[in-house]
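# Remarks on the overall topology
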Amino acid sequence: MLRLFSYFRSSCAYRVRIALYHKGLVWETIPIHLLKGQQRSEEYLRNNPSAMVPALLLENEKVLTQSLAILEYLEEDFPEKALLPKNFQDRAIVRAMAQIISVDVQPLQNLRVTRYLKEEIKASEEQVNLWLKTFISEGMSAFEVFLQRHAGTYCFGDQITMADVCLAPQILSTRRFGVDLAQWPKISEVSQRLEAIEAFVKAHPKNQPDFSE
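Worth saying up front: this structure is predicted, and the values here are computed from it rather than measured. (Residues numbered from 1 in each chain as written. Predicted model: local features only at pLDDT ≥ 70, side-chain atom pairs only at ≥ 80, totals over all residues. Heavy atoms only, no water.)

## As for the pairing of strand S1 (residues 2–6)
Basically, it comes down to this: Three labels apply to residues, based on accessible area from a 1.4 Å probe with only protein chains included: buried if under 20% of the type maximum, exposed if over 50%, partly exposed otherwise in between. Only DSSP runs of H or I covering at least 4 residues are called helices, and only runs of E covering at least 2 are called strands; the numbering of each starts at the N terminus. Think of it this way: DSSP has to see at least two bridges between two strands before they count as a pair. For a crossover, the right-handed case is the one in which the path from the first strand over the helix to the second runs clockwise, viewed with the strands pointing away from the viewer.
Counting buried positions over the five residues of S1 gives four, a clear majority of the element. Relative to strand S2 (residues 27–31), S1 is paired through five bridges, and the arrangement is parallel. Paired with Leu4 across the strands is Thr29, a residue of S2. Once the chain exits S1 it traverses helix H1 (residues 11–22) before rejoining the sheet at S2, and the crossover so formed is right-handed.

## With respect to the packing of aromatic side chains
Heads up, the rule is: Any Phe, Tyr or Trp ring, taking Trp's six-membered ring, that has another such ring centre within 6.5 Å forms a pair; planes under 30 degrees apart are called stacked, those over 60 apart edge-to-face, and the others tilted. Geometrically, a lysine NZ or arginine CZ counts as sitting over a ring once it is within 6 Å of the ring centre and also within 35 degrees of the ring normal.
For the structure on display, the rule yields six aromatic pairs. Considering the side-chain rings of Phe8 and Phe211, the 5.5 Å spacing of their centres and the 80° angle between planes classify their relative orientation as edge-to-face. Of this pair, Phe8 sits in the loop between S1 and H1 while Phe211 sits in the segment after helix H9 (198–203), placing them 203 residues apart in sequence. Consider the rings of Tyr21 and Trp27, whose centres lie 5.1 Å apart with planes at 70°: the pair is edge-to-face. By relative accessible area, which is 28% here, Tyr21 ends up partly exposed. An aromatic cluster of at least three residues, connected via ring pairs, comprises Tyr7, Phe8 and Phe211. When the ring centre of Phe146 is taken as origin, the NZ or CZ atom of Arg149, which lies over that ring, is 5.9 Å away.

## Things to note about helix H6 (residues 125–150)
In an α-helix, one turn spans 3.6 residues; hence positions three or four apart end up facing the same way. We count it as follows: Given a helix with a known number of residues, its expected span is that number minus one, times 1.5 Å. What makes two residues a contact is simply this: any of their non-hydrogen atoms within 4.5 Å.
Spanning 26 residues, H6 covers 37 Å between terminal C-alpha atoms, matching the ideal 38 Å at 1.5 Å per step. Every buried residue belonging to H6 is among Val128, Leu132, Ile136, Gly139, Met140, Phe143, Glu144 and Leu147, and all of these are buried. Those residues of H6 that are buried lie in contact with helix H4 (88–105), helix H5 (111–119), helix H7 (162–176) and helix H8 (185–194).

## Some thoughts on the packing of H4 against H6
Let me state the cut-off plainly: Axis definition: a line fitted to C-alpha atoms, limited for helices to the stretch in contact. Angles are taken between N-to-C directions and run from 0 to 180 degrees. Here the word oblique covers every angle except those under 35 degrees (roughly parallel), over 145 (roughly antiparallel) and from 65 to 115 (roughly perpendicular). Gly is placed with the polar residues, together with every amino acid not listed as nonpolar (Ala, Val, Leu, Ile, Met, Phe, Trp, Tyr, Cys and Pro) or charged (Asp, Glu, Lys and Arg).
In the contact formed by H4 and H6, the axes pass within 9 Å of each other and the chain directions differ by 170°. In terms of orientation, H4 lies roughly antiparallel with respect to H6. The residues of H6 that touch H4, namely those facing Ile93, Met97, Ile100, Ile101 and Val105, are Phe135, Ile136, Gly139, Phe143, Phe146, Leu147 and His150. Split into classes, the residues belonging to the contact of H4 with H6 amount to 10 nonpolar, two polar and no charged.

## Quick notes on the nonpolar core
Going by this rule: Only buried Ala, Val, Leu, Ile, Met, Phe, Trp, Tyr and Cys residues count toward a nonpolar core, and they belong to the same one when joined by side-chain atoms within 4.5 Å.
Ranked by internal contacts, the top residues of the largest apolar core, which has 53 residues, are Phe143, Leu167 and Ile187. Of all elements in the fold, only S1, H1, helix H3 (67–77), H4, H6, H7, H8 and H9 reach the threshold of two or more residues within this core. If one sorts the elements of this core by residue count, H7 sits on top with seven residues. Those residues in contact with Leu167 that lie beyond four places of it in its chain are Ile101, Met140, Phe143, Cys155, Ile187, Val190 and Leu194. Of all hydrophobic cores here, the second largest spans nine residues; its members include Phe8, Ile32, Leu34 and Leu57.

## Thoughts on the state of the cysteines
Note the following rule: Count a disulfide wherever a pair of cysteine sulfur atoms falls within 2.5 Å.
For the structure shown, the criterion picks out zero disulfides. Looking at the unpaired Cys12, the closest cysteine sulfur is the one in Cys166, lying at 8.6 Å. On the basis of relative accessible area, Cys12 is assigned to the buried category, the value being 13%.

## So, the sheet that holds strand S3 (residues 55–57)
Strand order in the open sheet formed by four strands is S2-S1-S3-S4, and the pairing between neighbours is mixed. Each end of this open sheet is capped by a strand with a single partner; those strands are S2 and strand S4 (63–65). Averaged over all adjacent pairs, the angle separating strand axes in this sheet is 25°, with direction ignored. H1 rests against S1 and S2 of the sheet, and its axis sits at about 155° to S1.

## What about the environment of Ala98?
Mapped onto the elements, Ala98 comes out in helix H4. Overall, the relative accessible area of 1% leaves Ala98 in the buried class. For Ala98, the contacting residues outside a window of four places in its chain are Met162, Ala163 and Cys166.

Take a look at the structure:
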C-alpha cells in the first residue's frame, strides 16, 4: 500500500491526494503536523531531508518527494485516468500551467516563507498580507490568460489534468488569504466545476483525518 506523509492544509499534499483519489489508488495517510514541527523530527527527515510535505512511501520502501515529481510518477506507474494529454505539445502546456501555481505562486505563500517574514524580517501583518496578495494575484492573473486560451470544461480542454490538480488547492489558499476570485472569471468557472468532483471533494483539507481548525 502507498503511504502519503501529509498535512491537511498543505497545498502540495492536497495536489497528491487529488491525484491518488482520481486514479482510484489504495493508500494510507500518515499525518505530519507542520505547525507542531513534526516535519523536522529525526524520523521524518530520513524520509524527506527538505523537511516538507508531501512524501510518498512506495511498497518497495522508496520515498518520493516534491509534489510535481510525485504526480509525474503516478502518471507513469498508474496511467489509467491520465492527468496529461496525449499530444506532447499539449502535455508541455499543461505542465507549464501546473508550474505557474506550483513554482510561481505557492512557494511564496507557504508557511516557511510567511513565518520568516514575520519572525526574521519583522514584517507586520499588513505587510505580510500585501506580500501574499501581490504574488497570488500576479500568478493567478497569468493562469487566467492560459485558461482563456486553453480551457474547456476544465483547465485544459475537457480532461482533468495536472493543471486542475494544482488549481484546486490554490483556490482554497487564495480565498484563505482574502484575494477576490471574481477578478478571474475563467478560474472561477472552472474551480466551481472542480469542487463538485468526487476526487477533489475527498482530497479537501476538511475531509482529512488530521483536519483541525
